[in-house]
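Spelled out, the chains give:
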Amino acid sequence: MRRSAIIKEVVTVINFQATKIEMVIAQRIINNNIKIIASSLSDYAGYIDGEFLDEEALSDSIAIAKQRVEEIYGKKIKSVYIGVPAEFCNYALKNLKASYPNKIVIKDKNIQELFESVGDHELSDDYLVVSKSPIYYVLDSVQTMEPQYSLSKNMGVKASLILAKNSFVDLMNNILGNLGVNSIEFVPNILAVGMSLLDESVRRMGSIIIDFDYVSTSVYSIMGEGIVDLKTFAIGEGHIISDLCEVLKLNYFNVEKLKNQIILTLQSNPMDNYEIKDENNNLIKINSSLANEVVKARIDMIGETIDKILLNFQFKQEDGPIYITGSGLTYLKGIKNYLSSVLHRECEILAPKQVEYNNPKYARMVSLINFIISQNKN
């Protein structure tokens, strides 16, 4: 459950990719699909471990993205939703309760009052509560996900609260405020992806999502409408690229070409090669067995870290597949089967269903747009 917002048919969203800031203006069209009206990308230094690498240049990068989008859209942007990366988030679970003198019919205002009993800065001086979501409700000892219009004297909710670092919130407010934006709302990427891409029946049972990025990996668990476990660690696609550069003695650009050819499930012999062409159009042959070994060794390391994280999760979510998404690793051919063997559990690729964006690399942006529009209509 989020704070009230004005219903808007068109939304402007900022998504922080690994090395680029993505700004999109979009709207919902027929069949719950989205239409991108305007979009732009601008380079920036990125972030790691919840800190931007170059805050001074960040303002210019956001300004460039905003200017380009406005030129396409033909209007000034005054309202923006910001996708908060998992690295800047924390979470808390809280039991909220309300009792009434007599049995009442539970209405939306009663639910709203229950969530508003938690202040935005109540849990931490370093974080702002940016999302309040129900895992489940309890009405006179009966658990439910649909409390509206039920008759009850007591109402409780197991609530998931997502918090964003004050440093992130303050920085965005300052930058966008100086750029003439007067309405800024923060939306956690992890909640948007889980709520937008997983069916309600799957979420009610509880599910694990792994989001692979360039320099980090986020592992989180969603139940009902809330995040119940979250952990990030600073290993991602960039480490695989670095390994390939070092072991195969290739430059970054050649490795970028190579990574799209790698097939993790390939049972290759020592004589098999991947073939790429360098910047001078010269053919380069790379031993496929060696390249695969390098990639698999790093994925094995990532898998070991994920295993440890899952063991420490409060909600184990041991049934059903693990969903993998994001712009890192998911492009590797055979990654679903290989990760399934590493984690000893079935893995499934999680991507938007809309045909144009049916790729995990679009998961965050499409999910943010759909989640924001859906919440605004509630």
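My aim in this report is to walk through the structure given alongside it, one point at a time. (Residues numbered from 1 in each chain as written. Predicted model: local features only at pLDDT ≥ 70, side-chain atom pairs only at ≥ 80, totals over all residues. Heavy atoms only, no water.)

1. With respect to the overall build of the protein chain
Moving on, step 1. Of regular secondary structure, the protein chain possesses 10 helices and 18 strands.
Moving on, step 2. A compact globule built from 378 residues should have a C-alpha radius of gyration of about 21 Å, and the protein chain, at 22 Å, falls within 12% of that.
Moving on, step 3. A principal-axis box enclosing the C-alpha atoms of the protein chain has dimensions of 80 × 50 × 40 Å.
Moving on, step 4. Split into buried and exposed, the 378 residues of the protein chain put 53% on the buried side.
Moving on, step 5. Intrachain contacts of the protein chain at a sequence separation of at least 6 include 67% that bridge at least 24 residues.
Moving on, step 6. Accessible surface computed for the protein chain: about 17800 Å², of which carbon and sulfur atoms make up 48%.
Moving on, step 7. Positive and negative side-chain charges in the protein chain, numbering 39 and 46 respectively, have mean positions lying 5 Å apart. (Helix = DSSP H or I, 4+ residues; strand = E, 2+ residues; numbered from the N terminus. Rg over C-alpha atoms; globule rule 2.2 N^0.38 Å. Buried < 20%, exposed > 50% of the residue type's maximum accessible area, 1.4 Å probe, protein only. Contact = heavy atoms within 4.5 Å. Areas by Shrake-Rupley, 256 points an atom, 1.4 Å probe, with all protein chains shown as cover. Lys, Arg positive; Asp, Glu negative; His and termini not counted. Charge placed at Lys NZ, Arg CZ, Asp CG, Glu CD.)

2. So, empty space enclosed by the protein
Moving on, step 1. All chains considered together, the criterion is met by three cavities of 30 Å³ or more.
Moving on, step 2. In this structure, the second largest cavity encloses a volume near 50 Å³.
Moving on, step 3. Forming the boundary of the second largest cavity are P85, A86, E87, N189, I190, D211, S218, Y220 and R364.
Moving on, step 4. If you list the elements that add at least two residues to the lining of the second largest cavity, you get α4 (189-197) and β13 (217-223). (1 Å grid on protein atoms, 1.4 Å probe; cavity = no way out; pocket = protein on both sides within 12 Å on 5 of 7 lines; lining within 4 Å. Points joined across faces, edges and corners; volume = space filled by probe spheres on them.)

3. Brief notes about the pattern of salt bridges
Moving on, step 1. Under the criterion given, the structure shown has 14 salt bridges.
Moving on, step 2. With a shortest N-O distance of 3.8 Å, K76 and E70 are connected by a salt bridge.
Moving on, step 3. Between D120 and K132 there is a salt bridge, with the nearest N and O atoms lying 3.9 Å from each other. In this pair, D120 sits in the loop between α2 (108-116) and β8 (127-139) while K132 sits in strand β8, placing the two residues 12 residues apart along the sequence.
Moving on, step 4. In this structure D120 comes out as partly exposed when scored by relative accessible area, which is 25%. (Salt bridge = Lys/Arg side-chain N within 4 Å of Asp/Glu carboxyl O.)

4. Describing the nonpolar core
Moving on, step 1. Counting 63 residues, the largest nonpolar core has F16, F52, L58 and M172 as the members making the most contacts within it.
Moving on, step 2. The greatest single-element share of this core, amounting to eight residues, is contributed by helix α10 (residues 363-377).
Moving on, step 3. Residues within four places of F16 in sequence aside, it is in contact with I21, Y44, Y47, F52, L58, I62, I82, G83, P85, F168, M172 and R364.
Moving on, step 4. Counting residues in each nonpolar core, the second largest holds 39 residues, with C245, V294, I309 and Y338 among its members. (Core = buried A, V, L, I, M, F, W, Y, C linked by side-chain atoms within 4.5 Å.)

5. Examining the packing of α4 against α10
Moving on, step 1. One can describe the packing of α4 onto α10 by two numbers: an axis separation of 8 Å at closest approach and a directional angle of 80°. Relative to α10, the element α4 is oriented roughly perpendicular. The segment α4 lies against α10, with N189, L191, A192, V193, M195, S196 and L197 engaging A363, R364, S367, L368, N370 and F371.
Moving on, step 2. Classifying every residue of the contact of α4 with α10 gives eight nonpolar, four polar and one charged. (Axes fitted to C-alpha atoms, helices over the stretch in contact; angles between N-to-C directions. Parallel < 35°, antiparallel > 145°, perpendicular 65-115°, else oblique. Nonpolar A, V, L, I, M, F, W, Y, C, P; charged D, E, K, R; others polar.)

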